[in-house]
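Commentary on secondary and tertiary structure
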Amino acid sequence: MHPSSWNVGDIAVHRVDEIPLPPATGAWLLPDATPDVVAASDWLLPHHATTAGTLRLDSHSFAFEAGGLRVLVDTGIGNGKPRANPAWHDLRTDYPDRLAAAGFPPESVDLVVLTHLHTDHVGWNTRRVAGEWVPTFPNARHVTSRVERDFWADSPMDGARAQVFRDSVAPVERAGLLEPVDVPEGGLEVAPGVRLLPTPGHTPGHVAVELAGGRALITGDCLHHPVQLARPDLTACVDVDPARARATRRALLERLAGTGTLLLGTHFAPPTAGHVVRHGSAYRVEHPSAGQKK
C-alpha cells in the first residue's frame, strides 16, 4: 500500500485522489514517450508505466495545513461538467468525501492555489447547486498568477475552453474569491512555508509550489510524468510554449537533483512522491518509504 500523505518539516501533505486517468492519456499527452522510450528507463516500471510502455497518470489534489491556514493545491476535473475530453466529461466522483476524509471539508479550506488555469486543475472550484455553478470552497482565497489570468483573459478561446472558464473560473471571480498575484522570479510566499515559483512554458503563468523552505515541491504541469525526468526534452501536446517548457523543466530538475527535496507530482500515479537524483545524463525518481520525514 503506497502512502498518500507525507511529512515535510512541520507540514503534513495529503494526496486527495480524484480519478486515475485512462490508459490512452499518456500517448495523447506525451506523444514522444513511445514504448521504446519507456523501455529505456526500466525504473519507471511498475509504478509509472506498464510493461507495454503505457504511462500511468492520475488526477489528484494536495491538501495541507501551513501557518494555521488550510490549503488545497489544484482542484482537479470536477463533477457534472460538459467537457470535450470524454474521459473528463460529466464525471461523478466522491472527491468531496475524500477531501473531508483527509480532514479538509470544503468549507474549512482557507486557500486554494491554482498552479495554472487548465481544465483538469480548476474543475472543483465550483459545484452545481440549483442549476448554478457556485464556489465549492466559499471561504477560500483562490490564488493564481496574474500572468496566467491575464493570458487567458486576452486570448481567443475555443468553445471547450470558454466553457471551462464559464463554469469553473468566472463564478469564483464573480464571488470575489479569485486573487491573481504577481510572482517574481524568486517566488512569492502566499502562506507561511508556501511559496509560488514561476515555472512557465506549459502555460505562461504556470507556478510550482514550494513547501517548508524547499523541503518539498508540488509540480503542477511543469512535469506531467516521471518519464520527463529520464527525457526532459519530452513536451506535452498542450504546452503553450514547448521550448520554454523544456528549459524550465531542465533548470528545475538540475536545481532539485540530489537535494533531498520531495517532489510531489500533480499527475504522478502512486507512489506519487520521490526524490530527484541524477541518472546518467538525465534524472530519475527515488521513492521514499512510507511516513519518511524531511
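Everything discussed here concerns the structure shown above.
In this text the structure is predicted, and so the values were computed from the model without any measurement.

1. Considering the pairing of strand β3 (residues 58-66)
Burial within β3 is extensive, with 8 of its 9 residues counted as buried. Pairing analysis gives 6 bridges linking strand β2 (residues 11-20) to β3, with the strands arranged antiparallel. Bridge assignment links I19 to a residue of β3, and that residue is S59. Adjacent in sequence and paired antiparallel, β3 and strand β4 (residues 69-73) are bridged by 2 residues, among which G67 carries a positive phi angle near 60°.

2. Let's talk about unusual backbone geometry
The residue after L45, namely P46, is reached through a cis peptide bond having omega 0°. Among the structural elements, P46 can be located in the loop between α2 (35-39) and β3. The residue D74 is not glycine, and still its phi comes out positive at about 65°. Looking at the element boundaries, D74 is found in the loop between β4 and α3 (95-101). In this model, A212 sits at a positive phi of 55°, which is unusual for a non-glycine residue. Considering the arrangement of structural elements, one finds A212 in the loop between β12 (207-211) and β13 (216-218). Residue classification places A212 among the buried positions, given a relative accessible area of 8%.

3. Things to note about the nonpolar core
With 35 residues, the main nonpolar core has L55, V227, L229 and V276 as its most contacted residues. Among the elements of the structure, α2, α7 (227-230), α8 (242-256) and β16 (282-286) are those that each provide at least two residues to this core. When residues no more than four places from it in sequence are discounted, the contact partners of V276 are L229, L253, L256, A257, G258, T261, L263, Y283 and R284. Residues I11, L111, L262 and L264 belong to the second largest nonpolar core, which totals 27 residues.

4. Some thoughts on the environment of D150
The topology assignment puts D150 in helix α5 (residues 146-154). On the basis of relative accessible area, D150 is assigned to the partly exposed category, the value being 40%. Residues D150 and P204, 54 residues apart in the sequence, show an inter-C-alpha distance of 9.6 Å.

5. Details of the environment of V134
Along the chain, V134 falls in strand β7 (residues 132-135). Look at V134 and you get partly exposed, because its relative accessible area is 26%. Sequence-wise, V134 and A87 are 47 residues apart; in three dimensions their C-alpha atoms are separated by 23 Å. Among all residues touching V134, those that are not within four sequence positions of it are N125, T126, R127 and V129.

6. Regarding α8
Think of an α-helix as 3.6 residues a turn; residues three or four steps apart then line up on the same face. When the terminal C-alpha atoms of α8 are compared, their 21 Å separation across 15 residues agrees well with the 21 Å that a helix rising 1.5 Å per residue should span. Turning to α8, its buried residues number three or more, namely A245, T248, R249, L252, L253 and L256. Mapping the buried residues of α8 onto a view down its axis gives an arc of 125°, with all of them on the same face. Those residues of α8 that are buried lie in contact with β13, α7, β14 (262-264), β15 (273-279) and β16. After α8 finishes, the residue G258 shows a positive phi value of roughly 75°.

Here is what the cut-offs are and how they apply
Residues numbered from 1 in each chain as written. Predicted model: local features only at pLDDT ≥ 70, side-chain atom pairs only at ≥ 80, totals over all residues. Heavy atoms only, no water. Buried < 20%, exposed > 50% of the residue type's maximum accessible area, 1.4 Å probe, protein only. Helix = DSSP H or I, 4+ residues; strand = E, 2+ residues; numbered from the N terminus. Pairing = 2+ DSSP bridges. Core = buried A, V, L, I, M, F, W, Y, C linked by side-chain atoms within 4.5 Å. Contact = heavy atoms within 4.5 Å. Expected span 1.5 Å × (residues − 1). Arc of directions from axis to C-beta.

Remember, this is a structural readout, not a statement about activity or role.
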